[in-house]
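Geometric and topological summary
As a plain string of letters, each chain reads:
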Amino acid sequence: MVAAVLQAPPDVPLAEARRIPGNKGIWAGITCEFVEFAVLFAVYFVSRAHFSEAFHDGAQRLSVVFGTLITLLMITSSYFIACSVNAIRNGRQRSALRWLVAGLLVALGYPVVKYLEIRWNLAHDINGGSGIFFTVYYYLTFTHLVHAVWGILGIFWVLARLLFQGYSAKDYSGLEALASYWHATDIIWLIIFPLFYVLA
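One structure accompanies this document, and this report is about it. Quantities reported herein were computed from a predicted structural model and do not represent experimental measurements. (Residues numbered from 1 in each chain as written. Predicted model: local features only at pLDDT ≥ 70, side-chain atom pairs only at ≥ 80, totals over all residues. Heavy atoms only, no water.)

**Considerations on the overall build of the protein**
When its secondary structure is counted, the protein shows eight helices and zero strands. Split into buried and exposed, the 200 residues of the protein put 41% on the buried side. Here the contacts in the protein between residues at least 6 apart in sequence split such that 82% fall between residues at least 24 apart. Split by element, the accessible area of the protein, about 11000 Å² in all, is 69% carbon and sulfur. (Helix = DSSP H or I, 4+ residues; strand = E, 2+ residues; numbered from the N terminus. Buried < 20%, exposed > 50% of the residue type's maximum accessible area, 1.4 Å probe, protein only. Contact = heavy atoms within 4.5 Å. Areas by Shrake-Rupley, 256 points an atom, 1.4 Å probe, with all protein chains shown as cover.)

Below you can see the structure in the form of structure tokens.
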């Protein structure tokens, strides 16, 4: 069954089925993103090893609801964008457009929820100076937000190109590149969420 899933469709050449999605430029960017967050995660674990009690107490003060909402938004938007790639790959231009618009609308919910979370944090005296846990928390989550905003701007750009039929079933590497970047940003959040909201 697994072999059947991995097998390329009959009308798709094997070389095409095995190619890396997107383009070399986006994967260079994704690699830099992963390296950047690898350093930040190293800071997290070193800080947690030295201030374990502060990390445990700090996590109890965060709102798991906001963290869960962001997680659901990231996963859902990633799914919609993947559906857009699948649609354009099969020559369904209008369907690809609808899925991408849906992905954009859901993705825009992330900065909105993050803004509400920050307001909630500040109302509960949680800021960057509230201790080592919150310093690391703000630094990592703000850095992720910046990367997500870049991704949202990328969605706008790809959406504009898709509106003017800049992609087709034969050429959709730009849409794939966006999807690859957004999935990478999604994966990073799926690491951030448990580290701060669940496991600390």
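Structure shown, so let's carry the discussion forward.
**Here's the deal with helix α4 (residues 52-61)**
Restricting attention to buried positions, one finds in α4 the residues F55, G58 and A59. The buried residues of α4 occupy an angular sector of 100° when the element is viewed end-on, so they sit on one face. Of the residues in α4, the exposed ones pointing more than 90 degrees away from the buried face are E53 and Q60. Buried positions along α4 lie against α3 (24-50), α7 (132-163) and α8 (173-198). (Arc of directions from axis to C-beta.)

**A closer look at the nonpolar core**
The biggest cluster of nonpolar side chains holds 50 residues, and the ones touching the most others in it are L100, L140, W189, I192 and F196. Going through the elements one at a time, α3, α4, α5 (64-89), α6 (93-123), α7 and α8 are the ones with two or more residues in this core. In terms of residue count, the dominant contributor to this core is α7 (13 residues). If sequence neighbours within four positions are ignored, W189 has contacts with G67, I70, T71, M74, Y110, T141, H144, P194 and Y197. (Core = buried A, V, L, I, M, F, W, Y, C linked by side-chain atoms within 4.5 Å.)

**Quick look at the environment of S130**
Tracing the sequence through the fold places S130 in the loop between α6 and α7. Taking relative accessible area as the criterion, S130 reaches 27% and is therefore assigned partly exposed.

**Observations regarding the pattern of salt bridges**
Enumeration over the complete set of coordinates arrives at two salt bridges. E176 serves as the salt-bridge partner of R89, at 3.3 Å between the closest nitrogen and oxygen. Of the two residues, R89 sits in helix α5 while E176 sits in helix α8, which places them 87 residues apart along the sequence. We classify R89 as partly exposed; its relative accessible area is 40%. Residue E176 is classed as buried on the basis of its relative accessible area, which comes to 5%. (Salt bridge = Lys/Arg side-chain N within 4 Å of Asp/Glu carboxyl O.)

**A word on the environment of A179**
Its location among the elements puts A179 in helix α8. Separated by 100 residues in the primary sequence, A179 and Y79 have C-alpha atoms spaced 9.4 Å apart. Once you skip the residues sitting within four places of it in the chain, A179 turns out to touch I81 and V85.

**Some thoughts on the packing of α6 against α8**
Remark: α6 packs on α8, axes separated minimally by 14 Å, with the N-to-C direction vectors making an angle of 30°. One finds that α6 runs roughly parallel with respect to α8. The hand of the α6/α8 crossing is left-handed. Counted together, L100, A107, Y110, K114 and E117 of α6 and L175, L178, W182, W189 and Y197 of α8 form the full contact between these two elements. Of the residues that constitute the contact of α6 with α8, the class distribution is eight nonpolar, no polar and two charged. (Axes fitted to C-alpha atoms, helices over the stretch in contact; angles between N-to-C directions. Parallel < 35°, antiparallel > 145°, perpendicular 65-115°, else oblique. Left-handed = near helix turned anticlockwise from the far one by under 90°. Nonpolar A, V, L, I, M, F, W, Y, C, P; charged D, E, K, R; others polar.)

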